[in-house]
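Coordinate inspection notes
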Amino acid sequence: MSALKPLKIDIVSDVVCPWCYIGKRRIENALALVPDVPVEVHWRPFFLNSWVPREGISRDEYLTAKFGSPEAYKGIAGRVVTAAEEEGLTYRPDLVKRQPNTIDCHRLIHWAEAKGKAAEMKQRLMELYFRDGGDLTDTNVLVQAAADCGLDADDVRKRLATDEDVALISGQAQEAADKGISGVPTYVFAQKYAVSGAQPAEQLARAIRQVSDEVNAQAAE
């Protein structure tokens, strides 16, 4: 019997999307439920709020634009905080003071992928934002996050000051939107089956096994 073909999983998400934060933990738990299925995971960019300028805006201004007022978000936030806690994650909406444009975060994840550190970079940025209220518009915060994940701080600082990969990331995010992806996280299995939303780990694990079996059955024909 030949070895199983790895199942390609593209995860389209944004670092400031709380359900993407929860969804990342759930897909990791799902993969732990099917340890015998070989996978190849890629983190793909999405701009939850493409209208936010590069320098970011205050969190209150953002919540007012998106939900009508900061108070209106509190009810929604409570449900998300609880869902995060159930996955062993911390979300402290009260600590978030600035809403970033996430193109630089996605550039860091892309650069980290070259070192096999994309998931780690993604996790670090999400923890900074959701747990610590970190300002992801601050270059020093981004450089430190990259260094925490084993990237070269000076190199990252230099690259962030340029437009390197801005067009690439914007193009990938646009491609996701063109394919009809509007809600994140979206998990795309074998480039043809999409599951939208932070589904429970058991459900994701079933989908992973099912699509992997199908891909391998086709490969064997």
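This write-up is about the structure you can find in this document. Values in this document were obtained by computation on a predicted structure and should not be read as measured data.

**As for the overall build of the protein**
Looking only at helices and strands, the protein has nine helices and six strands in total. Against the globule reference of 17 Å for 221 residues, the protein gives a C-alpha radius of gyration of 18 Å, in line with a compact fold. Taken over the C-alpha atoms alone, the protein extends approximately 55 × 40 × 30 Å along its principal axes. Taking all 221 residues of the protein together, the buried fraction comes to 45%. When contacts within the protein are restricted to residue pairs at least 6 apart in sequence, long-range pairs at least 24 apart make up 75% of them. Summed over all atoms, the accessible surface of the protein reaches about 10700 Å², with 50% contributed by carbon and sulfur.

**With respect to the layout of surface pockets**
In this structure, the largest pocket occupies an estimated 330 Å³ of space. Lining the largest pocket we find 13 residues, and of these Asp10, Val12, Arg44, Glu175 and Lys179 sit closest to its centre. Among the secondary structure elements, those contributing two or more residues to the lining of the largest pocket are strand S1 (7-13) and helix H8 (166-178). Per-class residue counts for the lining of the largest pocket are five nonpolar, two polar and six charged.

**Looking at the nonpolar core**
Grouped together as the largest cluster of nonpolar side chains are 64 residues, with contacts concentrated most on Val15, Leu108, Met121, Leu125, Leu136, Phe189 and Ile208. Those residues in contact with phenylalanine 189, other than ones at most four positions away along the chain, are Leu7, Lys8, Ile9, Val195, Leu204, Ala207, Ile208 and Val211.

**Here we look at the pairing of strand S5 (residues 186-189)**
Burial of S5 is two-sided: the residues Thr186 and Val188 facing one way and the residues Tyr187 and Phe189 facing the other way are all buried. Relative to S5, S1 is paired through four bridges, and the arrangement is antiparallel. Its bridge partner lying in S5, isoleucine 9 is registered against phenylalanine 189. Pairing of S5 with strand S6 (residues 193-196) involves four bridges; the strand directions are antiparallel. When the sheet's bridge partners are listed, tyrosine 187 is paired in S6 with valine 195. The antiparallel hairpin formed by S5 and S6 contains three residues in its connecting segment, where alanine 190 sits at a positive phi of about 55 degrees.

**Digging into empty space enclosed by the protein**
With the rule as written, the count across this model stands at two cavities of 30 Å³ or more. Of the pockets and cavities examined, the largest cavity occupies roughly 100 Å³. Considering the residues around the largest cavity, the lining is formed by Trp43, Arg44, Pro45, His106, Ile109, His110, Glu113, Ala118, Lys122, Ile169 and Gln172. Of all the secondary-structure elements, those providing two or more residues to the lining of the largest cavity are strand S2 (39-45), helix H4 (103-113), helix H5 (118-131) and H8. The greatest single-element share of the lining of the largest cavity, amounting to four residues, is contributed by H4. Residues belonging to the lining of the largest cavity are distributed by class as follows: five nonpolar, three polar and three charged. By volume, the second largest cavity is sized at about 30 Å³. Forming the boundary of the second largest cavity are Asp14, Val16, Leu48, Asn49, Pro100, Asn101 and Thr102. Residues belonging to the lining of the second largest cavity are distributed by class as follows: three nonpolar, three polar and one charged.

**Re the pattern of salt bridges**
Counted according to the given criterion, the structure contains 16 salt bridges. We note a salt bridge from aspartate 10 to lysine 8, for which the minimum N-O separation is 3.8 Å. According to the relative accessible area criterion, aspartate 10 is buried, its value standing at 8%. Lysine 8 sits in the partly exposed class, given a relative accessible area of 22%. The closest approach of N and O atoms between glutamate 127 and arginine 124, which form a salt bridge, is 4.0 Å. With a gap of three residues between them, glutamate 127 and arginine 124 both fall in helix H5, about one helical turn apart. Look at the salt bridges and you will find they share partners, linking Arg124, Glu127, Arg131, Asp132 and Asp148 into a network.

**Focus on the side chain of glutamine 99**
Within the secondary structure, glutamine 99 sits in strand S4 (residues 98-99). A polar contact is formed between the side chain of glutamine 99 and the side chain of arginine 59, at a distance of 2.6 Å. In terms of polar contacts, glutamine 99 uses its side chain to reach the side chain of tyrosine 129, at 2.9 Å. Residues within four places of glutamine 99 in sequence aside, it is in contact with Val16, Asn49, Val52, Gly56, Ile57, Ser58, Arg59, Tyr62, Tyr129 and Thr137.

Reading guide: rules and limits
- Residues numbered from 1 in each chain as written.
- Predicted model: local features only at pLDDT ≥ 70, side-chain atom pairs only at ≥ 80, totals over all residues.
- Heavy atoms only, no water.
- Helix = DSSP H or I, 4+ residues; strand = E, 2+ residues; numbered from the N terminus.
- Rg over C-alpha atoms; globule rule 2.2 N^0.38 Å.
- Buried < 20%, exposed > 50% of the residue type's maximum accessible area, 1.4 Å probe, protein only.
- Contact = heavy atoms within 4.5 Å.
- Areas by Shrake-Rupley, 256 points an atom, 1.4 Å probe, with all protein chains shown as cover.
- 1 Å grid on protein atoms, 1.4 Å probe; cavity = no way out; pocket = protein on both sides within 12 Å on 5 of 7 lines; lining within 4 Å.
- Points joined across faces, edges and corners; volume = space filled by probe spheres on them.
- Nonpolar A, V, L, I, M, F, W, Y, C, P; charged D, E, K, R; others polar.
- Core = buried A, V, L, I, M, F, W, Y, C linked by side-chain atoms within 4.5 Å.
- Pairing = 2+ DSSP bridges.
- Salt bridge = Lys/Arg side-chain N within 4 Å of Asp/Glu carboxyl O.
- Polar contact = N/O pair within 3.5 Å; in protein donor to acceptor, adjacent residues only side chain to side chain.

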